[in-house]
Amino acid sequence: MRALALGFALLLLAPIALALPAPRPAAATWDVEVGPPSLPFQSLGFTPSVVQAAPGDTIVFHFHGSHTATTGLDVGTEAAEGSAPAELHLNAFDSGTVGAGNTFRVTLTEPGAYLYYCKLGNHRNMGMRALILVNG
Ligand SMILES: [Cu+2]
């Protein structure tokens, strides 16, 4: 009898629980293509080159060739560093060399600007530099 009453109570409460808003929005996942060969002018690039994320979001890098995704100063951004409103994260992650067909994922919890590039050869100068903005 007691079990039956409990079952009834749960049945009555279920719609209320389902209607309650989530305590916080679920973290999102953002995909970045690294050197996609299907896009000739972006085969030495990150697509998209700018990702706007929220704290707790995960970035998944999909490698189409041997590259790295490494935070650090971009060429020519030294001037921007002083005027950037967002905090710069220059040592946040380094995938190391990742081969084609593999992924590297990183979850970013701190708001700010994550400048990153590929540190192989002259790939950075060839266009492999990009930005993730985590808006807090
Ligand atoms: Cu590269």
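In case you missed it, the structure is sitting above this.
Notes on the structure follow. (Residues numbered from 1 in each chain as written. Predicted model: local features only at pLDDT ≥ 70, side-chain atom pairs only at ≥ 80, totals over all residues.)

Focus on the overall build of the chain
Here's step 1: Counting secondary structure elements, the chain contains 2 helices and 8 strands.
Here's step 2: Along the chain direction, N to C, the helices and strands of the chain fall in the order α-β-β-β-β-β-α-β-β-β.
Here's step 3: Here the chain holds 136 residues, and the buried ones make up 19% of them. (Helix = DSSP H or I, 4+ residues; strand = E, 2+ residues; numbered from the N terminus. Buried ≥ 20, exposed ≤ 12 C-beta atoms within 10 Å, placed from the backbone.)

What about the sheet that holds strand E5 (residues 70-71)?
Here's step 1: Read from one edge of the open sheet, 4 strands run E3-E8-E7-E5, paired in mixed fashion. Edge positions in the open sheet fall to strand E3 (50-53) and E5, since each of these has one partner strand only.
Here's step 2: Where strand E7 (residues 112-117) meets strand E8 (residues 129-134), 6 bridges bridge the pair, whose relative direction is antiparallel. Residue pairing in the sheet places glycine 112 in a bridge with valine 134 of E8. (Pairing = 2+ DSSP bridges.)

A word on the nonpolar core
Here's step 1: Ranked by internal contacts, the top residues of the largest apolar core, which has 18 residues, are Val34, Ile59, Phe61, Leu108, Tyr114, Tyr116 and Ile132.
Here's step 2: Contributing elements (two or more residues each) for this core: strand E1 (29-34), strand E4 (57-63), E7 and E8.
Here's step 3: The greatest single-element share of this core, amounting to 4 residues, is contributed by E7.
Here's step 4: Excluding residues within four positions of it along the chain, tyrosine 114 makes contact with Thr71, His89, Ala92, Leu108, Leu131, Ile132 and Val134. (Core = buried A, V, L, I, M, F, W, Y, C linked by C-beta atoms within 7 Å. Contact = placed C-beta atoms within 7 Å.)

Scope: geometric values only; no functional claims are made or implied.
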